[in-house]
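Coordinate analysis (summary)
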Amino acid sequence: MGTPASEKPTILTACQPTSHFHLGNYLGAVRRWADMQDDYECFFGVVDLHAMTAPYTPADLRRNTLECAAQYIACGLDPKRSNIFVQSHVTGHTELAWILGCLAPLGQLERMTQFKDKSKRIGQSVGAGLFFYPVLQAADILLYNADAVPVGEDQKQHLELARDLAQKFNNTYSETFKLPEPLIGKKGARIMALQDPESKMSKSDKNQSSTLYLFEPKESIRKKVMSAVTDSGSEISASDDKPGVSNLMSILSSLTGHSYEEIAGQFSGKGYAPFKEAVAEAVIATVEPLQARYQELMKDKDALNTVLKEGAEVAQKRAYKMLAKVYRKAGLLERVR
Ligand code: AQP
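Residues numbered from 1 in each chain as written. Predicted model: local features only at pLDDT ≥ 70, side-chain atom pairs only at ≥ 80, totals over all residues. Heavy atoms only, no water.

**Some remarks on the packing of helix α2 (residues 58-74) against helix α12 (residues 301-329)**
- Between α2 and α12, the shortest axis-to-axis distance is 10 Å and the interhelical angle comes to 85°. Regarding the angle of α2 to α12, the classification is roughly perpendicular. For the pair α2 and α12, the contacting residues are Leu66, Ala69, Ala70 and Ile73 in the first and Lys301, Leu304, Asn305, Val307 and Leu308 in the second.
- Looking at the contact of α2 with α12, its residues break down into seven nonpolar, one polar and one charged. (Axes fitted to C-alpha atoms, helices over the stretch in contact; angles between N-to-C directions. Helix = DSSP H or I, 4+ residues; strand = E, 2+ residues; numbered from the N terminus. Parallel < 35°, antiparallel > 145°, perpendicular 65-115°, else oblique. Contact = heavy atoms within 4.5 Å. Nonpolar A, V, L, I, M, F, W, Y, C, P; charged D, E, K, R; others polar.)

What follows is the structure, encoded as structure tokens:
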């Protein structure tokens with residue numbers, strides 16, 4: 001018998017249901033989460049409230065939320081071992097975000113790179129929600145008093161804010177929150193855009209040839225990889241002055257387990273084409289079984305909704321407990337029942 005859930009450290013992490021997962025979400029995040037399920041009590045959120053921070057249509061959000069749950073399961077998250085839930089189904093995320101927001105220094109929020117990048121991309125219609133997003137993310141994590149948060153490298157700055165807010169709450173009121181540790185993988189922690197290897201691979205990239213989706217057709221994957229930006233010269237090696245080749249090497253290494261040295265040796269003197277073909281084949285071999293499982297899961301939406309209902313029930317119990325503690329410590333009068 002394994003360790004009971006209550007004795008395991010807790011992890012909380014999440015994806016936004018904005019569109020299908022890309023290879024960065026998989027290698028930097030979800031694949032690693034699947035490997036952690038026996039060692040941690042896991043809360044995997046579908047953070048629909050975060051997805052509202054950029055312009056969206058309600059029908060897409062609804063569809064993406066259920067599809068995100070199916071993708072989690074297809075990628076190896078197991079509802080029998082983990083709690084998969086939708087953020088808006090659990091009371092407490094937005095409430096705690098308000099309390100933490102009252103402690104969050106404005107200057108620190110203004111320095112968030114994701115806010116700066118995304119607000120530039122969205123332009124005039126950018127809402128205050130995008131600015132407040134990291135505080136809601138801190139609330140997502142602290143509501144479960146998570147010990148650790150496995151994420152890609154792009155989330156490091158947000159996690160620092162979550163730790164700072166936990167510390168500030170503890171100092172202002174009294175010891176309440178653990179300081180969550182970021183768990184950032186060594187391999188695949190930052191997969192870069194295929195057409196612009198200086199920027200991270202992202203769902204909202206204007207140039208969709210840059211983003212490899214897990215559930216896109218094989219031919220399209222092959223085409224995108226073959227047209228990925230490489231660097232001058234023809235040598236296969238990872239270095240700062242070769243961001244395109246380094247990114248493809250990182251993808252191949254993460255998918256096959258081969259080291260950079262092995263990859264460099266295998267393609268030495270052969271040029272970019274066979275190397276890119278190997279990358280495309282490795283991606284396709286990885287996504288094929290995931291795609292088949294995903295199609296199966298999407299046939300039974302009732303079963304998916306049941307997974308989300310059960311996940312939210314467990315999450316809610318935990319959230320109510322934490323929220324009551326936070327309200328008490330922050331001086332809110334207990335409600336007369
Ligand atoms: N390029 C990446 N490389 C490694 N890990 C990544 N993650 C995201 N992009 C990369 C990790 O995926 C998890 C879920 O991310 P998310 O759903 O919150 O989406 P995001 O970070 O906002 O991803 P995108 O693609 O950039 O979405 P848009 O364009 O909508 O903002 C996180 O653990 C993240 O670290």
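**A word on the environment of Lys118**
- On the secondary structure map, Lys118 appears in helix α5 (residues 113-122).
- Classification of Lys118 as buried rests on a relative accessible area of 18%.
- Counting along the chain gives 195 residues from Lys118 to Glu313, while the straight-line C-alpha distance between them is 33 Å.
- Beyond its immediate chain neighbours, meaning those up to four positions away, Lys118 contacts Gln16 and Leu130. (Buried < 20%, exposed > 50% of the residue type's maximum accessible area, 1.4 Å probe, protein only.)

**Observations concerning α2**
- If you check α2, its first and last C-alpha atoms are 24 Å apart, about what 17 residues at 1.5 Å a residue would give, namely 24 Å.
- Here α2 lies mainly inside the structure; twelve of its 17 residues are buried.
- The complete set of buried residues in α2 reads Leu61, Asn64, Thr65, Leu66, Glu67, Cys68, Ala69, Ala70, Gln71, Tyr72, Ile73 and Ala74.
- Next to the buried residues of α2 lie β1 (10-15), α1 (23-34), β2 (41-46), β3 (83-86), α11 (272-298) and α12. (Expected span 1.5 Å × (residues − 1).)

**Some details on the packing of aromatic side chains**
- Summed over all chains, the structure comprises eleven aromatic pairs.
- Ring geometry for Phe21 against Tyr72: centres 5.8 Å apart, planes inclined by 50°, an arrangement best described as tilted. On the criterion of sequence distance, the pair formed by Phe21 in the loop between β1 and α1 and Tyr72 in helix α2 is long-range, its members being 51 residues apart. Both residues of the pair, Phe21 and Tyr72, belong to the buried class.
- Centroid distance Trp33 to Phe44: 5.6 Å. Interplanar angle 10°. Geometry classified as stacked. With Trp33 in helix α1 and Phe44 in strand β2, this pair connects stretches of sequence that are eleven residues apart. Like Phe44, Trp33 is buried.
- Grouping aromatic residues by their ring pairs yields a cluster made of Phe21, Trp33, Phe44 and Tyr72. (Phe/Tyr/Trp six-rings, centres within 6.5 Å; stacked < 30°, edge-to-face > 60°.)

**Brief notes about the site of the ligand**
- Taken together, 23 residues lie around the ligand, and His22, Lys118, Asp154, Ser202 and Ser204 are the ones closest in.
- Contacts to the ligand include Gln16, whose backbone N or O atom sits 2.8 Å from an oxygen atom.
- Here Gly152 contributes a backbone N or O atom positioned 2.8 Å from an oxygen atom of the ligand.
- Broken down by secondary-structure element, the contributors of at least two residues to the shell around the ligand are β1 and α1. (Near = heavy atom within 4 Å. Polar contact = N/O pair within 3.5 Å; in protein donor to acceptor, adjacent residues only side chain to side chain.)

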